[in-house]
Amino acid sequence: MLDTETATLKQTEQALNDSARVLALQCDVSVPAQVQAAIDQVEKKFGRIDALVNNAGVAVFKPIGETTFEEFRYVLGTNLDGAFLCSQACIEVMKKNRHGSIVNIASISGLRASTLRVAYGTSKAAIIHLTKQQAVELGTIGIRANVVAPGPVDTEMSKLVHSVAIRSDYYDTIPMNRYGTPEEIANAVGFLCSPEAAFINGQCLAVDGGFDASGVGIPTLRKHQDGSI
Ligand SMILES: NC(=O)c1ccc[n+]([C@@H]2O[C@H](COP(=O)([O-])OP(=O)(O)OC[C@H]3O[C@@H](n4cnc5c(N)ncnc54)[C@H](O)[C@@H]3O)[C@@H](O)[C@H]2O)c1
């Protein structure tokens, strides 16, 4: 586990309570030297890398004209550069066994544009394409790359950026009328990392309760699913 926040790392390390299988390292994934140092430590402890999940992400939701270049770079730095750098470092280790799985974490915001997401949405669209590049180039040496695009999930990030009104709008628009849970996202990620997904490469899996499939939807029609209007 790599994270910038030592408190988060400590808490998760304690919850997992498995020092033989868990290594928690403070690392800013947008800084090349920190990523290389962390992956060196991972290789030293475990001797190999079977799977990499590029999950670190940040969000700044602002209109295009109000998003500063620093904010744009901050979001792209973690969400896109981070995935590029961690993948590059891990691929060197995976290559030795000609085996590995990369799962990048995008968002529905990477599949379709929505308000205030010039930095976040662009970073997530880019990571979807980065995944395809990785799948094409690395498939030949036994490394698979796939991307999970979650819909709204109840996590620290969504608590920070989703107001009560936004939550209620999401409930209305998502066919399953709720947010996802971190466990539901983790189940999809775990599957893509596992041998069960051995021939799945270069795919984007939306884990979103049908949010992507629903498009914009028509609220009045949704309220009258029995056909009455
Ligand atoms: N929560 C949602 O509704 C939602 C929806 C779609 C996609 N996602 C994506 O899922 C992923 C996880 O999001 P979350 O909701 O759990 O967010 P979160 O804020 O709860 O967790 C993100 C973690 O990334 C860490 N992090 C941030 N910048 C970092 C950096 N530069 N280097 C290392 N670690 C860094 C943070 O410290 C934090 O622990 C993100 O990529 C996010 O964009 C979340």
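No experiment lies behind these values; they were computed from the predicted model shown.

## With respect to the domain arrangement of the protein chain
- Examined at the domain level, the protein chain breaks down into domain 1 (1–47) and domain 2 (49–222).
- The C-alpha-based centres of domain 1 and domain 2 are spaced at 21 Å.
- Contacts between the two partners involve 10 residues from domain 1 and, on the opposite side, 12 residues from domain 2.
- Of the roughly 860 Å² buried between domain 1 and domain 2, counting both surfaces, carbon and sulfur atoms make up 76%.
- The largest per-residue losses of area from domain 1 upon contact with domain 2 belong to Val29, Ile39 and Glu43, which jointly make up 54% of the total buried on that side.
- On the surface where domain 1 and domain 2 come into contact, there are one salt bridge.

## Considering the site of the ligand
- The immediate surroundings of the ligand are formed by 25 residues, with Asp3, Asn55, Tyr120, Val153 and Thr155 found nearest.
- Contacts to the ligand include asparagine 55, whose backbone N or O atom sits 2.8 Å from an oxygen atom.
- Listed by contribution, the elements that provide at least two residues to the shell around the ligand are helix H4 (118–138) and helix H5 (156–161).
- Per-element accounting of the shell around the ligand gives the leading share, three residues, to H5.
- Of the residues belonging to the shell around the ligand, the class tally is 11 nonpolar, nine polar and five charged.
- Of the residues that make up the shell around the ligand, three or more belong to each of domain 1 (1–47) and domain 2 (49–222).

The rules behind the values
- Residues numbered from 1 in each chain as written.
- Predicted model: local features only at pLDDT ≥ 70, side-chain atom pairs only at ≥ 80, totals over all residues.
- Heavy atoms only, no water.
- Domains from an automatic or database assignment.
- Contact = heavy atoms within 4.5 Å.
- Buried area = accessible area lost by both parts, 1.4 Å probe.
- Salt bridge = Lys/Arg side-chain N within 4 Å of Asp/Glu carboxyl O.
- Near = heavy atom within 4 Å.
- Polar contact = N/O pair within 3.5 Å; in protein donor to acceptor, adjacent residues only side chain to side chain.
- Helix = DSSP H or I, 4+ residues; strand = E, 2+ residues; numbered from the N terminus.
- Nonpolar A, V, L, I, M, F, W, Y, C, P; charged D, E, K, R; others polar.

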